[in-house]
Amino acid sequence: MFDGKPAGAWLELLAAAEIPAAPINTVEEALSDAQTLARKMIVQIEHPALGLARSIGNPIKFSETPVSYRLPPPMLGEHTNEILQGLGYSEEEVREMSDVPG
């Protein structure tokens, strides 16, 4: 029965049997994991509505060309019109899609 032992005990047993396994972390555990911190996977970005906000960093790392974070995550619907027009919808079609009945 799985709930009879803590997760660490199962991970040890699986490792001893040479079965690949890893823990399922909570969000807080994942964000504070040593590997997450070592790879600088959590970045702080200035957001116009939230102030200083934490965000997930780019997983691609280059030693001589670090990633720069120039824009905050978009607000809900912030770029919808531009994206739809980029997909070939006309301004009128985009306007019709955004009209909410009632």
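Here, every reference points to the structure presented above.
J.: Whenever I open this one, the overall build of the protein chain confuses me. Can you help?
T.: If you tally the helices and strands in the protein chain, you get 5 helices and 2 strands. Its helices and strands in sequence order give the protein chain the pattern α-α-α-β-β-α-α, from N to C terminus. Principal-axis analysis of the C-alpha atoms gives the protein chain an extent of 65 × 40 × 25 Å. Considering the protein chain as a whole, with its 102 residues, one finds that 9% of them fall into the buried category. Partitioning the intrachain contacts of the protein chain with sequence separation of at least 6 by distance along the chain shows that 18% fall at a separation of at least 24. Total accessible area computed for the protein chain in this model is approximately 8,900 Å², and 60% of it derives from carbon and sulfur atoms. Charge centroids of the protein chain, computed over 7 positive and 15 negative side chains, lie 10 Å from each other.

J.: Any chance you could explain a nonpolar patch on the surface here in plain terms?
T.: Taken together, I83, L87, Y89 and M97 make up a surface patch of nonpolar side chains, about 430 Å² in accessible area. Among the structural elements, Y89 can be located in the loop between α4 (80–86) and α5 (91–98).

J.: Sorry, what's going on with a negative patch on the surface here?
T.: Together, E92, E93, E96 and D99 make up a negatively charged patch on the protein surface. Along the chain, D99 turns up in the segment after α5.

J.: Looking at this model, I keep getting lost on the pairing of strand β2 (residues 51–56). Mind explaining?
T.: Here is the key point about a regular strand: its side chains alternate between the two faces of the sheet. With 6 bridges connecting them, strand β1 (residues 42–47) and β2 associate as antiparallel partners. Residue I45 lies in a different strand from β2, and its bridge partner there is A53. Hairpin connection from β1 to β2: 3 residues lie between these consecutive antiparallel strands.

J.: When you look at the side chain of T36 in this model, what are you seeing that I'm missing?
T.: Tracing the sequence through the fold places T36 in helix α3 (residues 34–38). Using a relative accessible area of 16% as the deciding quantity, one classes T36 as buried. A polar atom in the side chain of T36 sits 2.8 Å from the backbone oxygen of A30.

J.: What is the right way to look at the packing of aromatic side chains in this model?
T.: Two measures describe an aromatic ring pair: the distance that separates the ring centres and the angle between the ring planes. Following the criterion strictly, the structure yields 0 aromatic pairs and no others. Directly above the aromatic system of W10 lies the positively charged group of K5, at a separation of 5.1 Å from the ring centroid.

J.: How should I be thinking about the environment of P66 in this particular structure?
T.: As for its placement among the helices and strands, P66 is situated in the loop between β2 and α4. Its relative accessible area of 68% is what places P66 among the exposed residues. Along the backbone, P66 and Q35 are 31 residues apart, and their C-alpha atoms lie at a distance of 18 Å.

Here is what the cut-offs are and how they apply
Residues numbered from 1 in each chain as written. Predicted model: local features only at pLDDT ≥ 70, side-chain atom pairs only at ≥ 80, totals over all residues. Heavy atoms only, no water. Helix = DSSP H or I, 4+ residues; strand = E, 2+ residues; numbered from the N terminus. Buried < 20%, exposed > 50% of the residue type's maximum accessible area, 1.4 Å probe, protein only. Contact = heavy atoms within 4.5 Å. Areas by Shrake-Rupley, 256 points an atom, 1.4 Å probe, with all protein chains shown as cover. Lys, Arg positive; Asp, Glu negative; His and termini not counted. Charge placed at Lys NZ, Arg CZ, Asp CG, Glu CD. Patch = residues over 30% accessible without salt bridge, like charges linked within 9 Å, V, L, I, M, F, W, Y side chains within 5 Å. Salt bridge = Lys/Arg side-chain N within 4 Å of Asp/Glu carboxyl O. Pairing = 2+ DSSP bridges. Polar contact = N/O pair within 3.5 Å; in protein donor to acceptor, adjacent residues only side chain to side chain. Phe/Tyr/Trp six-rings, centres within 6.5 Å; stacked < 30°, edge-to-face > 60°. Lys NZ or Arg CZ within 6 Å of the ring centre and 35° of its normal.

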